Amino acid sequence: MGMTEKSVNSVSPAQTGAEPLDLDLQLRKAKSGDSQAFGAIYDRYAARIFNFVSHLAGSRQDAEDITQEAFFLAYRSLKNLRDHAHFEQWLYKIARNEIYKNQRKTKSRPDSLDDADKGILQILKSADPAGNPENRLLSGELGKKIRAIFKSLPMQYKETLVLATLQGLSYQEISGILGRSLSSVKTDVYRARLIISEKMRKYSSL
Amino acid sequence: MGRRNCIEEIALSAYLDGELNEDAAKGVEAHLVTCRDCSASYESMKSDRNLLLEALPDSPAPAHMKVQLFSRIDAGTEARQVSGIWAWAGIGQLLHGRSKPWAFACASFAFFALILSGFHIEHRIEDGRVLAQIDRFKADWVARDKAANPFDIDINGAPLRPTTAKNPFKAYLNER
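Note that the structure is a prediction, hence the values are computed from the model and not measured.

## Some details on the nonpolar core
Core analysis: the largest hydrophobic core is formed by 48 residues, its most contacted members being Ile49(A), Val53(A), Leu91(A) and Ala95(A). Considering each element in turn, this core owes the most residues, ten residues, to helix H2 (residues 35–56) of chain A. With ten residues, the next largest nonpolar core counts Ala14(B), Val28(B), Cys38(B) and Tyr42(B) among its residues.

Listed below in structure tokens is the structure:
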């Protein structure tokens, strides 16, 4: 079976060894108004934050706007950041707040599983049922189904799953970002997986 | 789960994320080797996770996002910009939390000085109006006085011309 597996689409900058000191220096410079230093920080975290946001936001345009706003707010509030070691968590929190703010504005949160299921069914019925799973994944049919199922998850499960599975953060880090207990994070990740698994089986016959 | 001695699925999920401690992870590994049901559950969970990773791949942040962000940072502005005299007075900077205390103090002083000088000017104008009105009343009164006052007394009660007449009632009053 091998060792336990940590699934990561991209490695967190905080997980790479020699960088924390460098980040500390860049943060000090950025705090004193050095926008070039903030540029280096942006380069380091932009892709992660953008991907986190784009998995949870309604559209790509929303994701770009939210990410940009999150970094702008982070730059403006840098002086309030006391512990540089928690910069990444702090940045995620800002981005998450912006996602929720955007959702309140657009009121397009598909939190009801029943409503979302109708949407999934439409997508799934339009997909080509023929062909083996690999071909369907390659042609995007299966990917479309999975994305539809993922989108149908309640926000609480979706954000936990994105952080744990797609972003590869530890439950401890996720707990800090979301402000929930470790056991709650563990339960949410499991429930999200359970829902996805059940829906995959439910719709596999279509 | 319900199977005796089997691992709960929530623990398998945590194992998949590398969240179990070393001892617990070793226990799960040993169990998965011997239990077909748990092994199947774990493999299914792993397969779903891999499908999710493939269906939701990471993408690089768009380059124009950085350009837009830094043009905003360099301009020191936000979507809701403060312009004109308010910007000059440092109100925008105050709202955005970047106020320079001396600039704001100067702006506040100038603002209040402007208001006070406004009051003062208005007072002076009002005073002038009242004095002119009084002068007009006085002039009217004197003109009417001259025409109709039999005692030749001005508005202040002073005689318009000196009189030498004695008070005829003075002796009577002294006797009483």
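And the narrative resumes.
## Notes on the interface of chain A and chain B
With 39 residues of chain A at the contact, the number on the chain B side is 40 residues. At the level of elements, H2, helix H3 (60–76), helix H7 (141–152), helix H8 (155–166) and helix H10 (182–203) of chain A are the ones that each hand at least two residues to the side of chain A that touches chain B. For the side of chain A that touches chain B, the residue count by class is 18 nonpolar, 14 polar and seven charged.

## Notes on the packing of helix H9 (residues 171–178) of chain A against H10(A)
Residue and element names in this part refer to chain A. Between H9 and H10, the least distance of the axes is 9 Å, while the angle of their chain directions is 105°. Here H9 is positioned roughly perpendicular relative to H10, judged by the angle of their axes. Facing H9, whose interface residues are Tyr171, Gln172, Ile174, Ser175 and Leu178, H10 presents Leu182, Val185 and Lys186. Of the residues that constitute the contact of H9 with H10, the class distribution is five nonpolar, two polar and one charged.

Basis of the calculations
- Residues numbered from 1 in each chain as written.
- Chains lettered and ligands numbered in written order.
- Predicted model: local features only at pLDDT ≥ 70, side-chain atom pairs only at ≥ 80, totals over all residues.
- Core = buried A, V, L, I, M, F, W, Y, C linked by C-beta atoms within 7 Å.
- Buried ≥ 20, exposed ≤ 12 C-beta atoms within 10 Å, placed from the backbone.
- Helix = DSSP H or I, 4+ residues; strand = E, 2+ residues; numbered from the N terminus.
- Contact = placed C-beta atoms within 7 Å.
- Nonpolar A, V, L, I, M, F, W, Y, C, P; charged D, E, K, R; others polar.
- Axes fitted to C-alpha atoms, helices over the stretch in contact; angles between N-to-C directions.
- Parallel < 35°, antiparallel > 145°, perpendicular 65-115°, else oblique.

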